[in-house]
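Residue strings, one per chain:
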Amino acid sequence: MSPTGKMLIGGGTGETAEPNRLRWNLGKQQIEEEAQALMCRTRRVYDRVGSLDPAEVTYENTLKELADIEVEYTVQRNILDFPQHVSPCKDVRAASTEADKRLSEFDVEMSMREDVYQKIVALQNKCQAEELRPEAKRYLDRLLKLGKRNGLHLCKEKQEEIKAIKKRISTLCIDFSKNLNENTTFLEFTQDELGGLPDDFINSLEKVESGKLKVTLKYPHYFPLIKKCYVPETRKEMEQAFNSRCMEDNAQILKELVALRKKKSDLLSFKTHSDFVLEMNMAKNSKNVTVFLDELARKLKPLGEEERAVIIDLKKEECAKRGFDFDGIINAWDLRYYMNQVEEVKYFVDQNLLKEYFPMEVVTAGLLDIYQELLGLTFELIENKPVWHEDVKMYSVKDAASGELLGQFYLDLYPREGKYGHAACFGLQPGCLLPDKTRQITVAGMVANFTKPTPSAPSLLQHDEVETYFHEFGHVMHQICSQAEFAMFSGTHVERDFVEAPSQMLENWVWEKEPLLRMSKHYKDQSMIPQDLLEKLLKSRLANTGLFNLRQIILAKVDQSLHTSSNANIDAKEEYARLCKEILGVPASPGTNMPATFGHLAGGYDAQYYGYLWSEVYSMDMFYTRFRQEGIMSSKVGVDYRNSILKPGGSLDAEEMLKCFLGREPKQEAFLLSKGLTLDQDKQSTPSAC
């Protein structure tokens, strides 16, 4: 019902309209003024629809009016609120954040317009004798569903209470993310305290007045240190600082968020907030999610115990070798270090050597080449167009067969102060039909934080960063290839527990020989990855799979616990610590509060983090059933995938898209095998996400 289907992280197709309507040169005052003007224009449309006589409602004056303003509003809103994540100017980021808060409150106001909702109800009653196109019918049904989920069928008093809760939740979520983005904490270490880290990392660090080296909590510093530094005290200090970011402020925000979400779900007569959220997902309810996670944890625990025993042995050997005391346990600051050791000692994968074959320019060229070939597309670098920072590159995307312009995308790959701290794809301009029935192209932005090149050193990617790159670019392709009619169904606006599947499926290419050779060359002499190193890398895919996935289950269970508990005062920190000990056997660091740094809890994934594992059921089924069987670089399968999975956007149910691509109902065998698990003969004990 609100004018935006904002997502971080739409069959007629008209002629393509003027491509890119986005602007990135707005100052603080312009952002404030344009936010106000946008709200005024949008409110006028809602007022017009709301004031209609129920007997006069038609598709054109009701449904199309709302759809048309949604397109305009979404584009203009992204111009105003995206800079908070990427602008190099702090004042612009602050203005963008404030605009986002105002617009989010406005979204709530429009979503609670009972007068507009009643006109949609009237149109539904009237349209029973009329023919609506399938996607238009889906749009009508979705607006009715969203109206009920906003309580517009309830009394005015309850509606006002829900509205106030939604506004407060929106503000809290924005503040939670802003706190993490703007965090500038850094630690100081001597070179000896950074033992084990490669020279290129050490040389990239800034020296502070004390003569020590400055290490920030951003990904390009945190992950190399926590994986490679052999000094336990340094890792401990780093891990504790990382999981204490914004601890005081965000812990309070999270506590209030959980209580408000519970209160809203109570008002709407849902058993829990999780059940409220999951009604719109493939899982349908919290019980199905609990069964899925519990069964997967049961299957993975023996594997995790085996891997933990290996790590304990490695730690014992390392302590003896370096003269450290051996405490007989795996601490939180030990886990990633020894998981990396497993790869190097058990699988003989030298990550420092391997990254020399993944310079950013080579990886990017190979990645773009593979996606073009696979999906039947052509990309072209666009020069001299306005972008928000000099590091950003912009590309156009065309259909290779017809030459039709499908969209454009931005790549913003390196960290800077105040920038969004993770890796994500942002939908910036929805691909859908405009009021005159011409097609608006999709524009998306990929934001990441890979190591930035310097005059003396190139940007070299770890293999897991190459995987991240492939994953997020998969989201970009989902945005671009979608050809929905309505903005509400454009791009990645699918069920949240399916949205990761298309990108996860494409991660498989970084574990296959041919694609790996196409996206790698040594940064000094352009030589190929040695065959023996490549073989070792491919064999290491199952390294630590038990521990890694058990940690994912912990995060999903924390999320579910917070949003299914009858206790509105549940302590997220304590729940996380309990699950770490119970499931992983690795205690959380005392004094830290990981949930306060867990952006997903306030970033639209509340009660839905399980979706990363759930959607893997589908991603692995798609890969093994079609690409593995018919050829991983098969353009025929790639085009089938583009047409069946990417092109519909959210205009079809995920289950229907999967059946079309697979030729049958989804199965979970490939998912279980990909985790190093064997299949149960007893089907009743097998978790199913289908």
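Preceding block: the structure.
Basis of the calculations
- For every chain, the first residue of its written sequence is number 1, and the numbers climb from 1 along that sequence.
- Given that this is a predicted model, residues contribute local features only at a pLDDT of at least 70 and side-chain atom pairs are listed and counted only at 80 or more, while totals for whole chains, interfaces and linings are drawn from all residues.
- Heavy atoms from the whole structure form the basis of all side-chain values; hydrogens and water molecules are not counted.
- By definition, any uninterrupted DSSP run of H or I lasting at least four residues is a helix, any uninterrupted run of E lasting at least two residues is a strand, and each is numbered from the N terminus.
- A helix is expected to reach a length of 1.5 Å times the quantity of its residues less one.
- Each residue is assigned a bend, namely the angle between axes fitted to the seven residues that terminate at it and the seven residues that start at it.
- Only protein chains enter the calculation, and the probe is 1.4 Å; a residue is then buried if its accessible area is under 20% of its type maximum, exposed if over 50%, and partly exposed in between.
- Should DSSP find at least two bridges between two strands, the strands are regarded as paired.
- To get an axis, fit a line to the C-alpha atoms, keeping to the stretch in contact for a helix; angles then go from 0 to 180 degrees between the N-to-C directions.
- What makes two residues a contact is simply this: any of their non-hydrogen atoms within 4.5 Å.
- We call a set of buried residues a nonpolar core when its members are Ala, Val, Leu, Ile, Met, Phe, Trp, Tyr or Cys and they connect through side-chain atoms within 4.5 Å of each other.
- Classification of ring pairs uses Phe, Tyr and Trp, with its six-membered ring standing for Trp, and accepts pairs whose centres are within 6.5 Å; under 30 degrees between planes counts as stacked, over 60 as edge-to-face, and the remaining range as tilted.
- By the definition adopted for this analysis, an angle is roughly parallel if under 35 degrees, roughly antiparallel if over 145, roughly perpendicular if from 65 to 115, and oblique otherwise.
- All residues other than Ala, Val, Leu, Ile, Met, Phe, Trp, Tyr, Cys, Pro, Asp, Glu, Lys and Arg, Gly among them, are scored as polar; the first ten of these are nonpolar and the last four charged.
- The rule for a salt bridge is simple: a side-chain nitrogen of Lys or Arg has to be within 4 Å of a carboxyl oxygen of Asp or Glu.
- The sense of a crossing depends on the near helix, which, turned anticlockwise from the far helix by less than a right angle, makes the crossing left-handed and, turned clockwise, makes it right-handed.
- Each polar contact in these results corresponds to two N or O atoms within 3.5 Å; when the atoms are within protein, one needs to be able to donate a hydrogen and the other to accept it, and residues that are neighboring in sequence are counted only if both atoms are side-chain atoms.

### Overview of helix α23 (residues 611-630)
Over its 20 residues, α23 extends 28 Å from the first C-alpha to the last, a length consistent with the 28 Å expected when each residue adds 1.5 Å. At Tyr624, α23 shows its maximal bend, which comes to roughly 30°. By the criterion of burial, α23 is predominantly enclosed, with 15 of the 20 residues buried. Two residues or fewer after α23 comes Gly631, characterised by a positive phi angle close to 120°.

### Quick word on the sheet that holds strand β5 (residues 393-399)
As summarised here, the arrangement of the five strands in space is β4-β5-β6-β10-β7, forming an open sheet in which the pairing is mixed. Bordering the open sheet on either side are β4 (377-382) and β7 (424-429), each of which pairs with just one other strand. Strand-to-strand twist of the sheet, defined as the mean angle between neighbouring strand axes without regard to direction, takes the value 25°. Across five bridges, β7 lies against strand β10 (residues 442-447) in antiparallel orientation. Bridged to Phe426 within β10 is Gly445. Contacting β4, β5, β6 (405-412), β7 and β10, helix α17 (residues 463-481) runs over the sheet at an angle of about 150° to β6.

### Description of unusual backbone geometry
A positive phi angle is found at Asn384, which is not glycine, with a value near 55°. Tracing the backbone through its elements, the reader meets Asn384 in the loop between β4 and β5. For Asn544, which is not glycine, the phi dihedral falls at a positive 65°. Take Asn544: it is sitting in the loop between α20 (531-539) and α21 (545-564).

### As for the nonpolar core
Judged by nonpolar contacts, the single largest core of 196 residues is most densely connected at Phe409, Phe473 and Trp509. What Phe409 contacts, discounting residues up to four positions off in sequence, is Leu368, Phe379, Lys393, Met394, Tyr395, Val397, Ala444, Phe473, Val476, Met477 and Ile480. Grouped together as the second largest cluster of nonpolar side chains are 18 residues, Leu187, Leu205, Leu225 and Ile226 included.

### Observations regarding the packing of aromatic side chains
The full count for this structure, using the stated rule, is 37 aromatic pairs. Seen from their ring centres, Trp24 and Trp388 are 5.3 Å apart, and the 80° between their planes marks the pair as edge-to-face. Of the two residues, Trp24 is situated in the segment before α1 (28-50) and Trp388 in the loop between β4 and β5; the sequence distance between them amounts to 364 residues. Given a relative accessible area of 15%, Trp24 falls into the buried group. With centroids separated by 5.3 Å and ring planes inclined at 35°, the aromatic side chains of Tyr371 and Phe470 adopt a geometry described as tilted.

### Regarding the packing of helix α2 (residues 59-81) against helix α6 (residues 134-149)
Where α2 meets α6, the closest approach of the two axes is 12 Å, and the angle between their N-to-C directions is 85°. Judged on the interaxial angle alone, α6 and α2 are roughly perpendicular. Taking contact as the criterion, the partners of Tyr59, Leu63, Leu66, Ala67 and Glu70 in α2 are, on α6, Ala136, Tyr139, Leu140 and Leu143. Taken together, the residues that form the contact of α2 with α6 break down as eight nonpolar, no polar and one charged.

### Looking at the pattern of salt bridges
Think of it this way: side chains of opposite charge can pair up when their charged atoms draw near. In this structure the tally under the stated criterion is 55 salt bridges. Ionic pairing is found between Glu109 and Lys163, a salt bridge with its closest N-O pair at 3.4 Å. Placement of the pair is Glu109 in helix α4 (residues 90-111) and Lys163 in helix α7 (residues 156-181), with a sequence separation of 54 residues. Judged by its relative accessible area of 25%, Glu109 falls in the partly exposed class. On the basis of relative accessible area, Lys163 is assigned to the buried category, the value being 15%. The shortest N-O distance in the salt bridge between Asp640 and Arg626 comes to 2.9 Å. One end of the pair, Asp640, is in helix α24 (residues 635-646); the other, Arg626, is in helix α23, and 14 residues separate them in sequence. Accessibility expressed as a relative area gives 24% for Asp640, which makes it partly exposed. Classification of Arg626 by relative accessible area gives buried; the value is 10%. Residues joined by salt bridges that share partners form a network here, namely Arg77, Asp81, Asp100 and Asp107.

### As for the pairing of β10
For β10, a buried count of six out of six residues is recorded, marking the element as mostly surrounded by other parts of the structure. Side chains Thr442, Ala444 and Met446 project from β10 onto one buried face, and the interleaved Val443, Gly445 and Val447 project onto a second face that is buried too. Of the strand pairs in this sheet, β6 and β10 are connected by six bridges, and their pairing is parallel. Each bridged residue has a counterpart across the sheet, and for Leu411 the counterpart in β10 is Met446.

### Quick look at the environment of Asn25
Topologically, Asn25 is positioned in the segment before α1. Looking at Asn25, the relative accessible area reads 61%, which means it is exposed. The spacing of Asn25 and Ile79 is 54 residues in sequence and 9.5 Å in space, taken between C-alpha atoms.

### Some thoughts on the packing of α23 against helix α25 (residues 654-662)
Close contact between α23 and α25 brings their axes to 10 Å; oriented N to C, the two are set at 20°. Between α23 and α25, the angle is such that the two are roughly parallel. In this structure, the crossing between α23 and α25 has a hand that is left-handed. Residues Tyr618, Asp621, Met622, Thr625, Arg626 and Phe627 of α23 form the contact with α25, whose participating residues are Leu658, Phe661 and Leu662. When its residues are assigned to classes, the contact of α23 with α25 shows six nonpolar, one polar and two charged.

### Section: helix α13 (residues 286-322)
At Leu300, α13 is deflected by roughly 40°, the largest bend along its length, and proline Pro302 occurs up to four residues later in sequence. Capping the start of α13 is the job of one residue whose side-chain oxygen sits 3.1 Å from the backbone nitrogen of Lys287: Asn285. Phi turns positive, to about 75°, at Gly323, one or two residues after α13.

### Here we look at the pairing of β6
The buried fraction of β6 is high, at seven of eight residues. As judged from the six bridges shared by β5 and β6, these two strands associate in the antiparallel manner. By the bridge assignment, Met394 is partnered in β6 with Tyr410. Where β5 folds back onto β6 in an antiparallel hairpin, the turn is made up of five residues, including Gly403, whose phi is positive at roughly 80°.

### A few points about the sheet that holds strand β1 (residues 186-189)
With antiparallel pairing, three strands are arranged side by side in an open sheet as β1-β3-β2. Strand pairing shows two members of the sheet lacking a second neighbour, β1 and β2 (206-207), which therefore form its edges. The pairing of β1 with strand β3 (residues 213-216) spans four bridges and is classified as antiparallel. By the bridge assignment, Glu188 is partnered in β3 with Lys214. Docked against the sheet, helix α10 (residues 232-242) engages β1 and β3, running at close to 170° with respect to β1.

The values reported here are purely geometric and, on their own, carry no functional implication.
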